[in-house]
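Structural description and commentary
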Amino acid sequence: MTAALTRRPRLGDWRSHEELAASRRARLPEVLSQAARTPFYQRRLTEGATLEDLALTTKQDLRDNYPYGLLAVPKEELATYHESSGTAGRPTASYYTADDWHDLSERYARKWVGITASDTFLVRTPYALMITGHLAHAAARLHGATVVPGDNRSLAMPYSRVVRVLHDLGVTLTWSMPTETLLWAAAARAQGHEPGRDFPNLRALFVGGEPLSPARRRRIAELWGVPVVEEYGSTETGSLAGECEHGRMHLWADRAVFEVYDPATGRLGAEGSGQLVVTPLYREAMPLLRYNLEDAVEVSYDDCPCGWVLPTVRVLGRSAFGYPVAGRAVTQAVLEDLVFQLPAGDEVLFWRARAHADLLRVEIEVPDARREPATRALRAAIDEALRVPCEVTGVAPGTLVPRTVLTGVHDVVKPRSLFGADEDWDKALLYY
Ligand SMILES: [Zn+2]
């Protein structure tokens, strides 16, 4: 394929959805011929087939074709290999060439808060196997920023170090799951810093990988005093949507064909509610045709005041599924929104809930002085919004997120076998 020579569209290259659709159609023959180079699609693609003729590619198809059943290029052209996070069993593999990486990095960097050479960018998502850390890292490098690699799954980077780095280096941009930013806020306070005051260089928090309700998002933005910029994607596809300055997520519909699949009827459409199905238009290593991400979404072609001629998406993800309590479905999204609608002065950052057959049990971390009003207010809000029997308990700060997690520092040592007489030789070899 000549993708390296193909000019990929830039935001603003088109004026209407029709123009954009025409450019996608023009691209499809090349996408199909690239797919035909893979063992998997060789079996599926019949002579003269168009995208509309094809069955969906499922996550199970990817697992069944682990590791290289969807490889379309000689292996020496691969730049990276990844696997999705997930449970045990056969992994979902994905792989990219160097040119695929240009497309990935460009899409990631398309947020309304841009990345510049003067930025110091903390990447706080996993680097091991998954794509997320590398994606932000590559996008930041592409724009000349200074990257601080701060993998959230590495023992070398406990919360105390995150706070030190954010503070001492004057980090301007971060990339993490939304929950991380709340943990940083608590860790900052545990070290005597105030998030909204003592990190004056911070410009924005880039977040993704986890559903985020409007109230939690507002709370995070208030706490840190900067915008929260959401993004949506997956390890198999990279970034698929990013946020405009009006807080809406736009699908990168110039870089992929997006469809919405209704599992109840089996119908595929361009908009509405259902599961998001994606056909990336600029993939060398691992073409995907009608790949069903199985995330619940709502896609709309309504105009957005930002002026981007791109459909918008609301990602409900797994948060669309609830647990039954007394015959009603309780979702995390609704509960989260109620918790974070409590006044900021209640200082509630962490909570958990359990759906029993006829009782919803909720625990919030709240300081003693605010325990009574906060639990009373939340109970009333749940009663009003969900109408299920509930018990709200205020627990002391440190109960759900132990203080040692926020303040602890691990030794990062190298393996060795010889120790002095007064040293702990239990640290031999197993050095982490
Ligand atoms: Zn917009």
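Residues numbered from 1 in each chain as written. Predicted model: local features only at pLDDT ≥ 70, side-chain atom pairs only at ≥ 80, totals over all residues. Heavy atoms only, no water.

Below, the discussion takes up empty space enclosed by the protein. Using the criterion set out here, one finds four cavities of 30 Å³ or more in the structure. Estimates place the volume of the largest cavity at around 40 Å³. Lining the largest cavity are 10 residues; nearest its centre among them are Val-31, Gln-34, Pro-280, Arg-283 and Pro-287. Split into classes, the residues belonging to the lining of the largest cavity amount to seven nonpolar, one polar and two charged. (1 Å grid on protein atoms, 1.4 Å probe; cavity = no way out; pocket = protein on both sides within 12 Å on 5 of 7 lines; lining within 4 Å. Points joined across faces, edges and corners; volume = space filled by probe spheres on them. Nonpolar A, V, L, I, M, F, W, Y, C, P; charged D, E, K, R; others polar.)

Applying the stated criterion across every chain yields a total of 30 salt bridges. With a shortest N-O distance of 2.8 Å, Asp-119 and Arg-203 are connected by a salt bridge. Taken together, the residues span a long stretch of sequence, with Asp-119 in the loop between helix 4 (98–108) and strand 3 (120–123) and Arg-203 in the loop between helix 7 (178–190) and strand 6 (204–207) at a distance of 84 residues. Asp-346 serves as the salt-bridge partner of Arg-370, at 2.6 Å between the closest nitrogen and oxygen. Here Arg-370, found in the loop between strand 18 (360–365) and helix 10 (371–386), pairs with Asp-346, found in the loop between helix 9 (332–339) and strand 17 (351–355); they are 24 residues apart in sequence, far enough to count as distant. According to the relative accessible area criterion, Arg-370 is partly exposed, its value standing at 32%. Of the residues examined, Asp-346 reaches a relative accessible area of 2% and is grouped as buried. Connected via shared salt-bridge partners are Arg-8, Arg-10, Asp-99, Asp-103, Glu-106, Arg-107, Arg-110, Asp-254 and Arg-255. (Salt bridge = Lys/Arg side-chain N within 4 Å of Asp/Glu carboxyl O. Helix = DSSP H or I, 4+ residues; strand = E, 2+ residues; numbered from the N terminus. Buried < 20%, exposed > 50% of the residue type's maximum accessible area, 1.4 Å probe, protein only.)

For the zinc ion, the full set of protein donor atoms is Cys-244 (SG), His-250 (NE2), Cys-304 (SG) and Cys-306 (SG), and the range of their distances to it is 2.1 to 2.3 Å. Taken together, the four donor atoms coordinating the zinc ion span angles of 100 to 114° at the metal, a pattern that classifies the geometry as tetrahedral. Each donor residue of the zinc ion belongs to the same chain, and together they define the spacing C-x5-H-x53-C-x1-C. Residue class for Cys-306 comes out buried when judged on its relative accessible area of 18%. (Donors = N, O, S within 2.8 Å, 3.2 Å for Na, K, Ca; no water. Tetrahedral: all angles 85-135°; square planar, octahedral: opposite > 155°, others 65-115°.)

Another point: the sheet that holds strand 6. An order of 4-3-5-6-7-8-9-14-13-12-10-11 is seen for the 12 strands of this open sheet, with the pairing classed as mixed. For this open sheet the edge positions go to strand 4 (146–149) and strand 11 (267–269), each flanked by a neighbour on one side alone. Between one strand axis and the next, the sheet turns through 35° on average, direction left out of account. Pairing analysis gives four bridges linking strand 3 to strand 4, with the strands arranged parallel. Paired with Thr-120 across the two strands is Thr-146, which belongs to strand 4. (Pairing = 2+ DSSP bridges. Axes fitted to C-alpha atoms, helices over the stretch in contact; angles between N-to-C directions.)

The subject of this paragraph is unusual backbone geometry. Residue Pro-67 is bonded to the preceding Tyr-66 through a cis peptide linkage, with omega at -5°. Relative to the elements of secondary structure, Pro-67 occurs in the loop between helix 3 (59–64) and strand 1 (78–83). The backbone phi angle of Ala-326 is positive, close to 45°, even though this residue is not glycine. Residue placement: Ala-326 occurs in the loop between strand 15 (323–325) and strand 16 (328–330). One non-glycine residue with positive phi stands out, namely Arg-387, at about 55°. Note on placement: Arg-387 falls in the loop between helix 10 and strand 19 (390–395). Overall, Arg-387 belongs to the exposed group, its relative accessible area being 53%.

Within the structure shown, the criterion is met by 11 aromatic pairs. Their ring planes at 65° and their centres at 6.5 Å tell us that Tyr-108 and Phe-206 sit as a pair that is edge-to-face. In this pair, Tyr-108 is assigned in helix 4 and Phe-206 in strand 6, connecting sequence segments 98 residues apart. A residue is classified by how much of its surface remains accessible, and Tyr-108, at 0% relative accessible area, is buried. Between the aromatic rings of Trp-252 and Trp-308, the centroid separation amounts to 5.7 Å while the plane-to-plane angle is 55°, which identifies the pairing as tilted. (Phe/Tyr/Trp six-rings, centres within 6.5 Å; stacked < 30°, edge-to-face > 60°.)

Moving on, we come to the environment of Gly-394. Here Gly-394 lies in strand 19. Residue class for Gly-394 comes out buried when judged on its relative accessible area of 14%. Considering only alpha carbons, one finds Gly-394 and Thr-375, 19 residues apart in sequence, at a separation of 6.1 Å. Setting aside its immediate chain neighbours within four residues, Gly-394 contacts Ile-364, Val-366, Arg-371 and Thr-375. (Contact = heavy atoms within 4.5 Å.)

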